[in-house]
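# Working through the structure, step by step
Take a look at the letters that make up each chain.
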Amino acid sequence: VQLQASGGGLVQTGGSLSLSCAASTASFSTNAMGWYRQAPGKQRELVASITSDGKTNYSDSVKGRFTISIDNSKNTVYLQMNSLKPEDTAVYYCTAGRTGGRNIAFTYWGPGTLVTVSS
């Protein structure tokens, strides 16, 4: 499974951006997708995840501002980011994996797309 994200860029504080990530193929080994991000000097962190049946999970820092969605027919996950803040600046990584109990084991990773929020 190969993942390719698009939609990153530069936006002002308070603005919006939308990311999308297409998987090259549907896979029986995956039933969930998500977005992580890594800011300079910081560890990679989960932003949001979604299962193929629509269950979502968000980090506290983006709840109410970001929305993750999935189009299973297109093997594509989206991240709508509103009310962006400078602290949202990071490289955003698309990922795909499989649920196991309460967790998701993310196995496949895209190359990342840069989101920069100017103050």
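Up top is the structure.
For the structure given in this document, a descriptive report is provided here. Keep in mind the model is a prediction, meaning the values are calculated, not measured. (Residues numbered from 1 in each chain as written. Predicted model: local features only at pLDDT ≥ 70, side-chain atom pairs only at ≥ 80, totals over all residues. Heavy atoms only, no water.)

### Quick look at the side chain of serine 59
- On the secondary structure map, serine 59 appears in the loop between β6 (56-58) and β7 (66-71).
- Given the relative accessible area of 15%, serine 59 is considered buried.
- There is a polar contact of 3.0 Å between the side chain of serine 59 and the side chain of serine 61.
- Ignoring anything within four residues of it in the chain, the contact list for serine 59 reads Leu46 and Val47. (Helix = DSSP H or I, 4+ residues; strand = E, 2+ residues; numbered from the N terminus. Buried < 20%, exposed > 50% of the residue type's maximum accessible area, 1.4 Å probe, protein only. Polar contact = N/O pair within 3.5 Å; in protein donor to acceptor, adjacent residues only side chain to side chain. Contact = heavy atoms within 4.5 Å.)

### Side note on the environment of arginine 37
- Locating arginine 37 in the fold gives a position in strand β4 (residues 32-38).
- A residue is classified by how much of its surface remains accessible, and arginine 37, at 6% relative accessible area, is buried.
- For arginine 37 and glycine 7, which are 30 residues apart along the polypeptide, the C-alpha to C-alpha distance reads 14 Å.
- Aside from chain neighbours lying at most four places away, what touches arginine 37 is Gln43, Arg44, Glu45, Val47, Ser61, Val62, Phe66, Glu87, Asp88, Ala90, Val91 and Tyr92.
- Among the polar contacts listed, one links the side chain of arginine 37 to the side chain of serine 61, at a separation of 3.3 Å.
- Separated by 2.9 Å, the side chains of arginine 37 and tyrosine 92 make a polar contact.

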